[in-house]
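Here is what each chain is made of, one letter per residue.
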Amino acid sequence: MKNIKRFRILVMGRANAGKTTILQRVCNSADKPEIFDGEGNKVYSCKRGHHDIKHELVFKSNPGFVFHDSCGFEAGSTQQFDQMRSFVVDRAATEKVNDRVHAIWFCIPMTDYHRTVTAAEKKFFNECDTGHVPVIVLLTKVDALYLTAVRELLDDDLTIVEAKERAAEKQGKLLEKWLAHVKDELDKCKYPPKGYVTLQKMHQEKADCTVLMESTANVMNEEGLQMILISTQQSSILLCIEYAVRR
């Protein structure tokens, strides 16, 4: 573990799942990441949403994290899926310890709550064996459920004032409902996720990523990797102290 210099995460999910925003919050940055190819050369031109999965995304504010972005394969592209699976298998077992992927974040946006688990999600969790690399499902853009809550309350003949007063509570119930649905669907798969995290208000620069960091650390199967993650993250000093006390 002493030879591992950076914590490497593969981020997956359909387009517009808020992946880049989450990475910015994790790294306490408002800037876009720098992109490097597999040889460490900077990539200066890359179309939005068309990252090569082998490219490394690094934020100047926290170079201890290296991210890889897998373009969404919801369109059913067998080639994209095979490329992603090949990358996962290779980076999970490579002898080059600094090239290994340590965790996978699979993003599902709540803007698409009516189609949270599609054929693409089922294909990944049924056919992609990530080995010892844990996969955590991130329910993103949970804030979108607020408007859904208001609409449903208005449909129940509440006034707009009443609907707004009860919207937060209703939003919480909707989140519980869809989280339970996602868990029910994915836990039945051959290679189910190791954990689930719900994220909201990630568009705010001071959004708290402590739960994401803690949940990721908790599913790591090696204490050394846990400590690398905790020491790299900048979300919570208390989290660093907590894990230091546990040792």
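It should be emphasised that the depicted structure is a prediction, and the values quoted were computed from it without experimental measurement.

Asker: So what's going on with helix 1 (residues 19-26)? Residues and values would help.
Answerer: For helix 1, a buried count of six out of eight residues is recorded, marking the element as mostly surrounded by other parts of the structure. Among the residues of helix 1, those classed as buried are K19, I22, L23, Q24, R25 and V26. The secondary structure elements touched by the buried residues of helix 1 are strand 1 (7-13), strand 4 (65-69), strand 5 (103-109), strand 6 (135-140) and helix 6 (210-218). N28, located one to two residues past helix 1, shows a positive phi value of around 50 degrees.

Asker: I'd like a rundown of the side chain of S29, residues and numbers included.
Answerer: Tracing the backbone shows S29 in the loop between helix 1 and strand 2 (34-36). Separated by 3.0 Å, the side chain of S29 and the backbone nitrogen of D31 make a polar contact.

Asker: Before we move on, can you summarise unusual backbone geometry with the specific residues and values?
Answerer: Generally, phi is negative for residues other than glycine and the peptide bonds are trans, each holding for most cases. One non-glycine residue with positive phi stands out, namely N28, at about 50 degrees. By the secondary structure assignment, N28 is in the loop between helix 1 and strand 2. Residues other than glycine seldom take positive phi values, yet K141 does so here, at roughly 50 degrees. When you line up the elements, K141 lands in the loop between strand 6 and helix 4 (144-155). Look at K141 and you get partly exposed, because its relative accessible area is 33%.

Asker: Mind laying out the pattern of salt bridges, listing which residues take part and the relevant values?
Answerer: A full pass over the atoms with the stated rule returns 17 salt bridges. The partner of E56 in a salt bridge is R8, and the shortest N-O contact between them spans 3.0 Å. One end of the pair, E56, is in strand 3 (residues 56-58); the other, R8, is in strand 1, and 48 residues separate them in sequence. Residue E56 is classed as buried on the basis of its relative accessible area, which comes to 9%. You can call R8 buried: its relative accessible area is 2%. For the salt bridge of E185 with K122, the shortest nitrogen-to-oxygen distance reads 3.4 Å. Here the residue E185 occupies a position in helix 5 (residues 160-186), and K122 occupies one in helix 3 (residues 119-127), the gap between them amounting to 63 residues. Of the residues examined, K122 reaches a relative accessible area of 36% and is grouped as partly exposed.

Asker: Please give an account of the packing of helix 4 against helix 5 that cites residues and values.
Answerer: Contact pair helix 4 / helix 5: the axes reach a minimum separation of 7 Å and the direction vectors enclose 120 degrees. As judged from the angle between their axes, helix 4 and helix 5 are oblique. Helix 5 is crossed by helix 4, and the crossing has right-handed handedness. When helix 4 is examined against helix 5, the residues L145, Y146, T148, A149, V150, E152, L153 and L154 are found in contact with a partner set consisting of I160, A163, K164, R166, A167, A168, K170, Q171, L174 and L175. Considering only residue class, the contact of helix 4 with helix 5 consists of 12 nonpolar, two polar and four charged.

Asker: Go over a nonpolar patch on the surface, please, and point to the residues and values.
Answerer: Where nonpolar side chains cluster on the molecular surface, the patch consists of L154, I160 and V161 and spans about 250 Å² of accessible area. For L154, the location among the structural elements is in helix 4. Given a relative accessible area of 34%, L154 falls into the partly exposed group.

Asker: Outline the nonpolar core, supporting the account with residue identities and numerical values.
Answerer: Of all hydrophobic cores here, the largest spans 34 residues; its most connected members are V26, F65, F67 and W105. Taken together, the elements giving at least two residues each to this core come down to strand 1, helix 1, strand 4, strand 5, strand 6, helix 6 and helix 7 (223-232). At four residues, helix 7 tops the list of elements feeding residues into this core. In this structure, F65 is in contact with F7, I9, V26, C27, L57, V58, M213, L229, T232 and Q233, ignoring residues within four places of it in sequence. Residues I53, M84, L179 and L186 belong to the second largest nonpolar core, which totals 32 residues.

Asker: How would you explain the environment of Q204 if you had to name every residue and give the values?
Answerer: Within the element layout of this structure, Q204 appears in the loop between strand 7 (195-198) and helix 6. Residue classification places Q204 among the partly exposed positions, given a relative accessible area of 38%. It is 10.0 Å that separates the C-alpha atoms of Q204 and A30, two residues lying 174 residues apart in sequence.

About the cut-offs
- Numbering of residues starts from 1 in each chain and follows the order in which that chain's sequence is written.
- Only residues with pLDDT of at least 70 are given local features in this predicted model, and only at 80 or more are side-chain atom pairs given and counted; all residues enter the totals for whole chains, interfaces and linings.
- The side-chain values count all of the structure's non-hydrogen atoms but skip hydrogen atoms and water molecules.
- Partly exposed describes any residue whose relative accessible area lies between the buried limit of under 20% and the exposed limit of over 50%, with all areas from a 1.4 Å probe on protein chains only and scaled to the type maximum.
- The helix count covers DSSP runs of H or I at least four residues long, the strand count covers runs of E at least two residues long, and both are numbered beginning at the N terminus.
- Contacts were defined at the residue level, with two residues in contact if any of their heavy atoms lie within 4.5 Å.
- Definition of a polar contact: a pair of N or O atoms within 3.5 Å, with one able to donate and the other able to accept a hydrogen when the atoms are protein atoms, and with sequence-neighbouring residues admitted only if both atoms are side-chain atoms.
- Definition used for salt bridges: Asp or Glu carboxyl oxygen within 4 Å of a side-chain nitrogen of Lys or Arg.
- Orientation is described by lines fitted to C-alpha atoms, with helices fitted over the stretch in contact, and by angles between N-to-C directions that extend from 0 to 180 degrees.
- An angle below 35 degrees is treated as roughly parallel, one above 145 as roughly antiparallel, one from 65 to 115 as roughly perpendicular, and anything else as oblique.
- The sense of a crossing depends on the near helix, which, turned anticlockwise from the far helix by less than a right angle, makes the crossing left-handed and, turned clockwise, makes it right-handed.
- Lys, Arg, Asp and Glu make up the charged group, whereas Ala, Val, Leu, Ile, Met, Phe, Trp, Tyr, Cys and Pro make up the nonpolar group; the residues left over, Gly among them, are polar.
- Two distance rules govern patches: like charges are joined within 9 Å, and nonpolar side chains (Val, Leu, Ile, Met, Phe, Trp, Tyr) within 5 Å, applied only to residues with over 30% relative accessible area and no salt bridge.
- Using a 1.4 Å probe, accessible areas were evaluated by the Shrake-Rupley method; residue-level cover was limited to the displayed protein chains.
- What is meant by a nonpolar core is a set of buried Ala, Val, Leu, Ile, Met, Phe, Trp, Tyr and Cys residues, joined one to another through side-chain atoms within 4.5 Å.

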